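# Structure assessment
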Number of protein chains: 2
Amino acid sequence: MAFADGPAVVPRDLRPGHPYYPPGVIIPNYAPNTTPLWLLFVYFGSAIGAFLAAAFFAARLIKPRFRSAFFSDKALFVWFTLCGGLHWFFEGYFIKNHATLASLQSVRAQLWKEYSLSDSRYLTSDPFMLCVEGLTVLVHGNLCFLTAITIVYSVGHPAGSSGLRHILQLVVSTLHLFGVLLYYGTLLFEESIHGTSHCRPEFLYRWVYFAGMNAPWVVVPVYAIYSSSRKICRVFSTVNRISIDPPDVGGPQTSGKKLQ
Amino acid sequence: MAFADGPAVVPRDLRPGHPYYPPGVIIPNYAPNTTPLWLLFVYFGSAIGAFLAAAFFAARLIKPRFRSAFFSDKALFVWFTLCGGLHWFFEGYFIKNHATLASLQSVRAQLWKEYSLSDSRYLTSDPFMLCVEGLTVLVHGNLCFLTAITIVYSVGHPAGSSGLRHILQLVVSTLHLFGVLLYYGTLLFEESIHGTSHCRPEFLYRWVYFAGMNAPWVVVPVYAIYSSSRKICRVFSTVNRISIDPPDVGGPQTSGKKLQ
């Protein structure tokens, strides 16, 4: 862009022309995406599909009986593997490249630039996003994979599963639920208090990308917390009943003694 | 403040002279504390002491055997009651009065103004603080009191406690731990990335107020998560052993059937 009475070249950083909200937000070195959106989604979908297929194959290799596991266990295995993959490889990419993300043209960078139309904080090295995403990669990512592994190993347990599986499921689902509430909340609070929005107002960005794409992290954690809580309560009530009417099963912990 | 060649009266909002960081941060209508610090601490300590004494009295009224409960259970009861009280009455006060906090002279407002020397985000209606504290009041506060109640009702359970107590303890401690990591993290990320700090640099504010006063929400949740996890694992392994070698205790769930 050149001006008759102005500088011949406007420094790239100062050029307007990026599509992000709020208008005027500084996105250094922004370069528009070069790959069509449908193709980005094909790449992304294929990568996720291949990753989940590999995980399922590995699960059956480790535990052949996983094939006959309950549908809910298989579904949660897929969920936690998918979350772990997204946390490590997609959000991890953001953490590694947050400072230059707007200028990059890799598939993941272009996907982030597309998603950022619904939340420009991903392109401005926002401290809250860096902090929450950093913890998500390091803590949630590892815990998700651990949870998926304990689901596989739980198949065939006499009590239906191990305690560790439900502890991890409870902890990581609590983290997911709280994280997404904070994520929604900070953007909406900023809108209502400071009157600025990092999300473009169009239906696609506000409702499909921002609200819709994060909604699974509300719905599935609520189910997973409910499911694990129900299981833990049933196991405790079983032991409570046994301890009232002590059975003779040999172990010192089960023969009517208080379990502390 | 008057200037020879300037306006006779500087609007109060624009006056410098507040002690908060980063220098230049706008704290509308700031009024310095009028009560000595030691007296604020006396009021605060007395309120907490009276509140905990009342809670202990109520617990023994509901469950006289609570007197002979394990020390660790009593300590966790105190912890969750204290947290619930702080979340409801101290952080709740912040949520209700965040916009005018800097100008108020109630005991709680003065305590917030003193603490804000280590984090001025409490006086600027920061969206992250409002969001995280709002959730803390509504979610953590209620869950803390529920956890304390289940600890009281667990005394005398044959298995040492109820499943619900450990589910709640696990969930609320996970929330506390994640919350404090985010709280520390956002301030430190902002320092390292944007070079601005909301915390005064003196030892008292940085290490006693900011680091020290929040450290219990790292240490105690780690212990509580460990303690509940250990208990849940033991109860699951008990049921697993019983299910392998089914005892005759009458209930269909305990007689060797898989618990789904």
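None of the values given here were measured: they were computed from a predicted structure.

## With respect to the UniProt feature "transmembrane region" (unreviewed entry) in chain A
Residues and elements named next belong to chain A. Here, UniProt's "transmembrane region" (unreviewed entry) annotation points to residues 37-59, 71-90, 127-155, 167-187 and 207-226. Helix makes up 100% of residues 37-59 and strand 0%, and the two end C-alpha atoms of the span are 33 Å apart. The straight-line gap between the two end C-alpha atoms of residues 167-187 is 31 Å; of that span, 100% is helix and 0% is strand.

## A look at helix α2 (residues 71-97) of chain B
For α2 of chain B, spanning 27 residues, the distance from its first C-alpha to its last is 38 Å, which sits close to the expected 39 Å at 1.5 Å a residue. The largest bend in α2 of chain B comes to about 30°, at Glu 91 of chain B.

## Concerning the packing of helix α1 (residues 37-62) of chain A against helix α2 (residues 71-97) of chain A
All names here are of chain A. Packing of α1 against α2 leaves a shortest axis separation of 10 Å and a crossing angle of 125°. Overall, the two elements α1 and α2 adopt an arrangement that is oblique. Seen along the crossing, α1 lies across α2 with a hand that is right-handed. Across from Phe 44, Ile 48, Phe 51, Leu 52, Ala 55, Phe 56 and Ala 59 in α1, the residues of α2 making contact are Lys 74, Phe 77, Val 78, Thr 81, Leu 82, Gly 85, Leu 86, Phe 89 and Phe 90. Split into classes, the residues belonging to the contact of α1 with α2 amount to 13 nonpolar, two polar and one charged.

## Focus on unusual backbone geometry
Note that the residue after Tyr 21 of chain A, namely Pro 22 of chain A, is joined by a cis bond; omega there is -5°. Within the fold, Pro 22 of chain A resides in the segment before α1. Of note in the backbone geometry, Ser 125 of chain B takes a positive phi value of approximately 50° without being a glycine. Looking at the element boundaries, Ser 125 of chain B is found in the loop between α3 (107-115) and α4 (127-154). A relative accessible area of 11% means that Ser 125 of chain B is categorised as buried.

## Quick word on a nonpolar patch on the surface
On the surface, Phe 203, Leu 204, Trp 207 and Val 208 of chain A cluster together into a nonpolar patch covering about 420 Å² of accessible area. Judged by relative accessible area, which is 33%, Val 208 of chain A ranks as partly exposed.

## Regarding the pattern of salt bridges
Residue and element names in this part refer to chain A. The final tally for this structure, using the stated rule, is eight salt bridges over all chains. A salt bridge links Glu 202 to Arg 200, with the shortest nitrogen-to-oxygen separation between them at 2.7 Å. The class of Glu 202 is partly exposed, set by a relative accessible area of 31%. Arg 200 sits in the buried class, given a relative accessible area of 18%.

## What to know about the environment of Tyr 43 of chain A
Residues and elements named next belong to chain A. Of note, Tyr 43 is situated in helix α1. Judged by its relative accessible area of 42%, Tyr 43 is partly exposed. Sequence separation between Tyr 43 and Val 132 is 89 residues; the distance between their C-alpha atoms is 26 Å. Excluding residues within four positions of it along the chain, Tyr 43 makes contact with Thr 35 and Val 107.

## Focus on the packing of aromatic side chains
Residue and element names in this part refer to chain B. Inspection of the entire model under this criterion finds 46 aromatic pairs over all chains. Seen from their ring centres, Phe 66 and Phe 77 are 5.0 Å apart, and the 65° between their planes marks the pair as edge-to-face. Taken together, the positions of Phe 66 in the loop between α1 (37-62) and α2 and Phe 77 in helix α2 put the pair eleven residues apart, joining distant regions of the chain. Look at Phe 66 and you get buried, because its relative accessible area is 0%. Considering the side-chain rings of Tyr 115 and Tyr 209, the 6.5 Å spacing of their centres and the 15° angle between planes classify their relative orientation as stacked. Placement of Tyr 115 in helix α3 and of Tyr 209 in helix α6 (residues 203-214) is noted, with a sequence separation of 94 residues between them. A relative accessible area of 11% places Tyr 115 in the buried class.

## Here we look at α1 of chain A
Residue and element names in this part refer to chain A. An ideal rise of 1.5 Å per residue puts 38 Å on 26 residues; α1 measures up with 38 Å between its terminal C-alpha atoms. Along α1, the residues classified as buried are Leu 40, Leu 52, Ala 55 and Ala 59. Among the structural elements, α2, α3 (107-115) and α4 (127-154) are those in contact with the buried residues of α1.

## Considering the side chain of Ser 118 of chain B
As for its position among the elements, Ser 118 of chain B is in the loop between α3 and α4. Non-local contacts of Ser 118 of chain B, meaning those with residues more than four positions away in its chain, are made with Leu 187, His 198, Cys 199, Arg 200, Tyr 205, Tyr 209 and Phe 210 of chain B.

About the criteria used
- Residues numbered from 1 in each chain as written.
- Chains lettered and ligands numbered in written order.
- Predicted model: local features only at pLDDT ≥ 70, side-chain atom pairs only at ≥ 80, totals over all residues.
- Heavy atoms only, no water.
- UniProt positions renumbered as here; feature names shortened; annotations may be inferred.
- Helix = DSSP H or I, 4+ residues; strand = E, 2+ residues; numbered from the N terminus.
- Expected span 1.5 Å × (residues − 1).
- Bend = angle between axes of the 7 residues up to and from the residue.
- Axes fitted to C-alpha atoms, helices over the stretch in contact; angles between N-to-C directions.
- Parallel < 35°, antiparallel > 145°, perpendicular 65-115°, else oblique.
- Left-handed = near helix turned anticlockwise from the far one by under 90°.
- Contact = heavy atoms within 4.5 Å.
- Nonpolar A, V, L, I, M, F, W, Y, C, P; charged D, E, K, R; others polar.
- Buried < 20%, exposed > 50% of the residue type's maximum accessible area, 1.4 Å probe, protein only.
- Patch = residues over 30% accessible without salt bridge, like charges linked within 9 Å, V, L, I, M, F, W, Y side chains within 5 Å.
- Areas by Shrake-Rupley, 256 points an atom, 1.4 Å probe, with all protein chains shown as cover.
- Salt bridge = Lys/Arg side-chain N within 4 Å of Asp/Glu carboxyl O.
- Phe/Tyr/Trp six-rings, centres within 6.5 Å; stacked < 30°, edge-to-face > 60°.

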